[in-house]
Amino acid sequence: MPVTVRETPALTSPDVRAPARRAALWTFAVGAVLAMFTLAFERIYLPLPYPSDQINYFDAARDFPHPNPGTPVHQFTRFGLTLPLRAAIEMFGYSQAAYYLVPILTGLALVLAVYLLGTLLFARSVGVAAAALTLANNLIFFDVLQPLPDVLATAVFCWAVVLAVAVHQCRPLVSSSRRRRLVTLLVIGALLGWSYLTREYVVFAWPLVGVLIFRRVGWRGLGLVAVPLALAGITDLALSALTYGDPFARLLAITGHGSGPVPADLAATFQDMPRGWYLSRFITGLRSVPEGEWLLAALAGTVVGGLAGWLSGGRRHVGWRQMAWRPVAWRPVAWRPVAWRPVAWRRIGLLLGWVALVYIPLVLLGGVLDPSAPKLRLFMMRYWFPVFPAFILGGFAAAWLLVGTAARWVPVLRARAGVLAGGAVLVLGALSLVAAAPSWGFSHNYRTVGTKPLSEFRNWLERQRDVGVLWSDGRTTRVLPLYAHTRFGRPIWSGQLQSLNRDGRQPASGEYVVLYGTRAKMPCYQCGDAARAVLGDPIRIPATWRQVFATEKGAVLVYRVR
């Protein structure tokens, strides 16, 4: 199918090929360094497995294609996540390596996508600073290395936007031949389809991609993008039929999510609130972390810079057409003669549109339309992840443009405006990371760093020969199977795992009991709370239990029943 493309000679003429190649090499080199730092950062702050939705998704991948009756349908059918996790389990077994492989690659993909977006739209310095804060802010940091769909969907969508921007700018790598253009459009569609299969609400942001590429490829190009999207939909129906016997199982689970009965204590946290409460959840969430002021400043920069871009008029910006209804008097023409790179302000408008595309439907579904039955719990910041790359990029871009414009006003600095602006952005990025860093090791009363206690328990378990039955609370039993294997999947224990309870069968003589996180809220407050629900608060150890193993500070305690 032919695709109409309007070439941009400035990017393909021989006179600019050599500088373009040098720029591409610098972009690649900086990206490679950023990737190495990202992998090192992820390794240092590798989190503990979390006994909640995180383990649910991992177990769903293990069970695929035969769902466990206890697994929620909407989680099992997020095939964009469960299938990559299943591939990791096939390679490494039910192990830590399989648990962390997809999240580590997801974090790396997110960083590189944000970096490339910042480079394509503004400058490398903007891309570096935005990529670092996108990964390392404490709201995303808490979840980025866990097998959850939100970060993966965000990363995949960001890559679709990267390719869409490259198509819009007629970059040679994606537009130098018809074959490259066709492949790029098909890849964009495949990425969008993957993002839907991973986390359905990311579709709210899809119009951004259409706006970016439409003026270059027209309706036929959009038709090409739609081909893999249709295949993703068919895949969704086929996998739903395979796993649940109903091709519409996922669609029904998605549309019905939040409509069932909710426990009273949970309902009190998000139902029947004033509508302003739902509108403010995003801002409130940003303020909840130490670097919240930096995130709010980035959001403010995106809003102000985006509005300035929208109101500045013109059609030479990325994707957004001129709005006929705008009063001409609103256009801030006064700053244009001295503005530095005015087209870039309009690109911030693109990022503001990205934020709006996600924010508006989320707050509407999350309670503004019907406070008595919100479809989403907006206080969970995972829902907001798709907007983080947009407003963080917009904030650093606004700072870059402001410093560059200010430098243009000083004759002696005018020639160095770009260097000064880039340096200022990198300094701001470093300061935001300094604000965030103290909380990287702890988040939401859950220690995200240090798997040593459970690794020590695994070493102890591997040396034992008489451990046939292990008992623990209902949360810890979700985590322990990972540590019944080596890091790369070799089984070291094949006994039975039982959950402690008040009324049922109790640990018998010769059996073992594991308590995790009961001496303090760290490293797993949910595990400690689950144990206290059975053994009392404070925990009362039965007289027949004899301690046989303990890690430092009692993070893991093992008892043998006499």
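Please read these numbers as outputs of a predicted model, since none were measured by experiment. The residue numbering used here restarts from 1 in each chain and proceeds along that chain's sequence as written. Residues qualify for local features only when their pLDDT is at least 70, as the model is predicted, and side-chain atom pairs are given and counted only at 80 or more; totals for whole chains, interfaces and linings, by contrast, use all residues. Each side-chain value is derived from all of the structure's non-hydrogen atoms; neither hydrogens nor water enter the calculation.

Put simply, the second largest pocket is a space of about 810 Å³. Computed over the protein atoms alone on a 1 Å grid, cavities are sets of points where a 1.4 Å probe fits but cannot get out and pockets are open sets with protein on both sides within 12 Å along at least five of seven lines; a residue lines them when it has an atom within 4 Å of a point. Around the second largest pocket sit 29 residues that line it, and Ser52, Asp53, Arg377, Met380 and Arg382 are the ones nearest its centre. Elements that contribute at least two residues to the lining of the second largest pocket include exactly α3 (53-63), α4 (73-76), α8 (138-144), α9 (149-168) and α23 (525-535). For the lining of the second largest pocket, the element with the highest residue contribution is α3, accounting for four residues. Side-chain classes follow a simple rule in which Ala, Val, Leu, Ile, Met, Phe, Trp, Tyr, Cys and Pro form the nonpolar group, Asp, Glu, Lys and Arg form the charged group, and the remainder, Gly included, forms the polar group. Here the lining of the second largest pocket is composed, by residue class, of twelve nonpolar, nine polar and eight charged. Grid points are joined across faces, edges and corners, and a volume is the space filled by probe spheres set on the points. Here a strand is any run of E in DSSP of at least two residues, a helix any run of H or I of at least four, and the numbering for each starts at the N terminus.

What follows deals with the packing of α3 against helix α5 (residues 79-92). To define axes, lines are fitted to C-alpha atoms, for helices over the stretch in contact only, and angles between the resulting N-to-C directions are given on a 0 to 180 degree scale. Put simply, α3 and α5 touch, their axes get as near as 8 Å, and they point 65 degrees apart. With respect to α5, the axis of α3 lies roughly perpendicular. Two packed elements cross with a definite hand, and for α3 against α5 that hand is right-handed. Residues Tyr57, Phe58, Ala60, Ala61, Arg62 and Asp63 of α3 touch α5, and the partners they reach there are Leu81, Thr82, Leu85, Arg86 and Ile89. Here the word oblique covers every angle except those under 35 degrees (roughly parallel), over 145 (roughly antiparallel) and from 65 to 115 (roughly perpendicular). Crossing handedness is defined as follows: a turn of the near helix away from the far one that is anticlockwise and smaller than a right angle gives a left-handed crossing, while the clockwise case is right-handed. Note on contacts: a residue pair is in contact if any heavy atoms of the two residues lie within 4.5 Å.

Locating valine 363 in the fold gives a position in helix α18 (residues 342-368). If we skip the residues at most four places from it in the chain, valine 363 touches Tyr278, Leu279, Val368, Leu378 and Trp384.

Simply put, the disulfide is a covalent bond whose two ends are the sulfur atoms of two cysteines. Note that a disulfide, as used here, is simply two cysteine sulfur atoms within 2.5 Å. Tallying each qualifying case throughout the model produces one disulfide. Through a disulfide, cysteine 524 is tied to cysteine 527; the S-S separation comes to 2.3 Å. Given an S-S torsion of about 65 degrees, the disulfide between cysteine 524 and cysteine 527 has right-handed geometry. Using a relative accessible area of 1% as the deciding quantity, one classes cysteine 524 as buried. Partly exposed residues are those whose accessible area sits between 20% and 50% of the maximum for their type, while under 20% is buried and over 50% is exposed, using a 1.4 Å probe and protein chains only.

All chains considered together, the criterion is met by two cavities of 30 Å³ or more. Its boundaries defined by the atoms lining it, the second largest cavity holds a volume of some 50 Å³. In terms of lining residues, the second largest cavity is bounded by Leu81, Val102, Pro103, Thr106, Val144, Gln146, Pro147, Leu148, Val151 and Leu152. When residues of the lining of the second largest cavity are traced back to their parent elements, those giving at least two are α6 (96-121) and α9. When its residues are assigned to classes, the lining of the second largest cavity shows eight nonpolar, two polar and no charged.

Mean pLDDT over the chain: 87, with 88% of residues reaching 70 or higher. A low-confidence stretch, residues 1-11 stays under pLDDT 50, and its non-local contacts, those more than four residues away or across chains, total 32 contacts. In the model, residues 314-338 has pLDDT below 50 throughout and makes 44 contacts with residues more than four positions away in sequence or in other chains. Each residue carries a pLDDT score, the predictor's own confidence in it, on a scale running from 0 to 100.

On to the packing of aromatic side chains. Centre distance within 6.5 Å is the pairing criterion for rings of Phe, Tyr and Trp, where only the six-membered ring of Trp is used; planes under 30 degrees apart are then read as stacked, over 60 as edge-to-face, and the remainder as tilted. Taken as a whole, this structure holds 30 aromatic pairs when the rule is applied. Summarising the aromatic geometry, the rings of phenylalanine 41 and tyrosine 45 are spaced 5.1 Å apart at their centres and angled 45 degrees between planes, so their arrangement reads as tilted. Accessibility expressed as a relative area gives 17% for phenylalanine 41, which makes it buried. Classification of tyrosine 45 as partly exposed rests on a relative accessible area of 22%.

The subject of this paragraph is the pattern of salt bridges. When a carboxyl oxygen of Asp or Glu is within 4 Å of a side-chain nitrogen of Lys or Arg, the pair counts as a salt bridge. Inspection of the entire model under this criterion finds 15 salt bridges. Between glutamate 200 and arginine 78 there is a salt bridge, and its shortest N-O distance comes to 2.8 Å. Taken together, the residues span a long stretch of sequence, with glutamate 200 in the loop between α11 (178-198) and α12 (207-244) and arginine 78 in the loop between α4 and α5 at a distance of 122 residues. Residue arginine 78 is classed as buried on the basis of its relative accessible area of 3%. Between arginine 490 and glutamate 462 there is a salt bridge, and its shortest N-O distance comes to 3.0 Å. Taken together, the residues arginine 490 in the loop between α22 (476-479) and β4 (496-499) and glutamate 462 in helix α21 (residues 452-463) connect sequence positions 28 residues apart.

The subject of this paragraph is a nonpolar patch on the surface. Residues Trp409, Val410, Val412, Leu413 and Leu420 make up a contiguous nonpolar surface patch of roughly 470 Å² in combined accessible area. Position of valine 410 relative to the elements: it lies in the loop between α19 (388-409) and α20 (417-436). Looking at valine 410, the relative accessible area reads 33%, which means it is partly exposed. Patch membership requires over 30% relative accessible area and the absence of a salt bridge. Like charges are linked within 9 Å, and nonpolar side chains (Val, Leu, Ile, Met, Phe, Trp, Tyr) within 5 Å. Accessible surface area values rest on a Shrake-Rupley calculation with a 1.4 Å probe, where residue burial reflects the displayed protein chains alone.

Next up on the list: the sheet that holds strand β3 (residues 469-472). DSSP calls a pair of strands paired once it identifies at least 2 bridges connecting them. As summarised here, the arrangement of the five strands in space is β4-β3-β5-β7-β6, forming an open sheet in which the pairing is mixed. Edge strands, defined here as strands with exactly one partner in the open sheet, are β4 and β6 (545-550). Neighbouring strand axes in the sheet, compared pairwise and without regard to direction, differ in orientation by 30 degrees on average. Of the pairings in the sheet, the one linking β3 to β4 comprises four bridges and is parallel in character. Opposite valine 469, over in β4, you have glutamine 496 as the bridge partner. Together, β3, β5 (512-516), β6 and β7 (556-561) form the strand contacts of α21, whose direction differs from that of β7 by roughly 30 degrees.

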